[in-house]
Amino acid sequence: MQSVARPRPVDEASRRAWDIAAQVVDPEIPVLTIEDLGVLRSVAVGEDGAVTVSLTPTYSGCPALEAMRDDVTSALHAAGYRSVAVELVLAPAWTTDWMSEDGKAKLREYGIAAPTGHSTVRPAGAVRLQLAVKCPRCSSLNTRELARFGSTSCKALYECRDCLEPFDYFKVL
Amino acid sequence: MTETSRPGAATADHGHVEVDSVVLSAELVEGGSVASHDVAEYALWLGDDALVIAQQLGWWISRAPELEEDVALGNIGLDLLGHARSLLHYAGAESGRSEDDLAYWRDEPQFRSAHLFEQPNGDFAHTIARQFIAAHYLFELYTRLQASGDATLAAIAAKSVKEVDYHRDHAVQWILRLALGTDESRRRMVTGLSDLWPYVDELFVDEPLIDRLEGVAVRPSSLRQAFDEAIVPVLAEAELDVPRGFISSGGGRGGRHSENLGFILAEMQVLARAHPGASW
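Chain B appears in an unreviewed UniProt entry as Phenylacetate-CoA oxygenase subunit PaaI from Cryobacterium tagatosivorans.

In the annotation of an unreviewed UniProt entry, chain A is listed under the name Phenylacetate-CoA oxygenase subunit PaaJ and assigned to Cryobacterium tagatosivorans.

*Asks:* So what about the overall build of chain A? Which residues, and what values?
*Replies:* Within chain A one finds four helices and seven strands. Beginning at the N terminus, the succession of helices and strands in chain A can be written as α-α-β-β-α-β-α-β-β-β-β. Taken along its principal axes, the extent of the C-alpha atoms in chain A is 55 × 35 × 25 Å. In chain A, buried positions account for 45% of the 173 residues. Long-range contacts, defined here as pairs at least 24 residues apart, represent 54% of the contacts in chain A between residues at least 6 apart.

*Asks:* Give a detailed account of the nonpolar core, specifying residues and quantitative values.
*Replies:* Ala 21 of chain A together with Ala 43, Leu 87, Ile 128 and Ile 175 of chain B are the most contacted members of the largest nonpolar core, which totals 122 residues. There are two domains that each give this core at least three residues, and those are domain 1 (2-97) and domain 2 (111-170) of chain A.

*Asks:* Explain the domain arrangement of chain A to me, using residue names and the numbers behind them.
*Replies:* Size of an interface, as often reported, equals the accessible area lost when the parts are brought together. All names here are of chain A. Under the domain assignment, chain A is made up of domain 1 (2-97) and domain 2 (111-170). Contacts between domain 1 and domain 2 engage nine residues on the former and eight residues on the latter. By residue class, the composition of the side of domain 1 that touches domain 2 is three nonpolar, four polar and two charged.

*Asks:* Tell me what's going on with the UniProt feature "domain: MIP18 family-like" (unreviewed entry) in chain A, and back it up with residues and numbers.
*Replies:* The positions UniProt marks with the feature "domain: MIP18 family-like" (unreviewed entry) are residues 23-87 of chain A. Taken end to end, residues 23-87 of chain A is 29% helix and 23% strand, and its first and last C-alpha atoms sit 18 Å apart.

Quick notes on the rules
- Residues numbered from 1 in each chain as written.
- Chains lettered and ligands numbered in written order.
- Predicted model: local features only at pLDDT ≥ 70, side-chain atom pairs only at ≥ 80, totals over all residues.
- Helix = DSSP H or I, 4+ residues; strand = E, 2+ residues; numbered from the N terminus.
- Buried ≥ 20, exposed ≤ 12 C-beta atoms within 10 Å, placed from the backbone.
- Contact = placed C-beta atoms within 7 Å.
- Core = buried A, V, L, I, M, F, W, Y, C linked by C-beta atoms within 7 Å.
- Domains from an automatic or database assignment.
- Nonpolar A, V, L, I, M, F, W, Y, C, P; charged D, E, K, R; others polar.
- UniProt positions renumbered as here; feature names shortened; annotations may be inferred.

And the structure:
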């Protein structure tokens, strides 16, 4: 799975456009680029210079995707690309496994606990197992979930029982 | 849903930006295609289920028993709205209609949602009972739809199933908490479940359309056993009986709805109809 996380193109022209698109950040979590998140799926520059960018949503209803789309378009326009098309691609479905290690480190520094463990869909009836989530502030593992649905689709709300601070956890999907 | 239909979107932050393609490409999957008439109809069924319940869940924001629940039900509604958008986008491509055309410009008889989804929010326990049934049904459905011969439906299902898994968990936690809580919370949970139960059977009826979509659609009747096997142990743990009583005659897939749907649509559609083509 990880091998398809950040498929930076091999041809020179597309790679240059990729590097511009890859600098666009998540409007909700501005320390993460769309490349860190694994949302940027492909960038291709055609012979006529037209750029086609594919993005994939994190959660189906995530409104940040539309801001990312606009930001990718304007970043490429600003870099001189006249014709830019942004497509939405659903398959393969995004997973937190695609988040880069670099991205996870930036998340922790920003105060959001990074996803713990890998994405799986439970068989019916199986109990959801949650590995201990480390407090991004004091690194304690003595934390508890306050609410599974947090400030955005992708986060849950946690509390640290040692430093007593609440914090966001980027949940595994 | 307004954003998607506006071509050439420009925002103050970005100055004048020419967006050279509409947000959702016609093909959600690389190498995907436009749905045939029957596949479009099936996508409409699933999209309408998700849209109607998403619209209803939005009502809870600021009204749930605690702040965390405002957020939870809002987020669950947002996920379901995302599923509805993908499904309606796909359903509409065949007839040249956008997801907004389908959401805002159809009346009740054109909606294909099952009756469960249009049942009123009621009190919190009613909403939890509806979520409990809906999330388990959708989880079983999307799990199997991932193997659909239609690449777009399979992609939407693979995306949705992981989110619905969280919704299932949310409903189970509340069923247990309310049923094993106070006398009052238990009384309400029992009432909520028995009020919603008549709408379960309709979800598992095989309409003629399903016969024409072998290998593409999931046969609803084939989900019933897995649904029961998931539901029954939770109810047992909550010390609740599987409700008995009357069964709704259904008819949602044929456009026959209860009066509830009209009120839901009126609220959802009023702005788009008062100001056609308006955008943010």
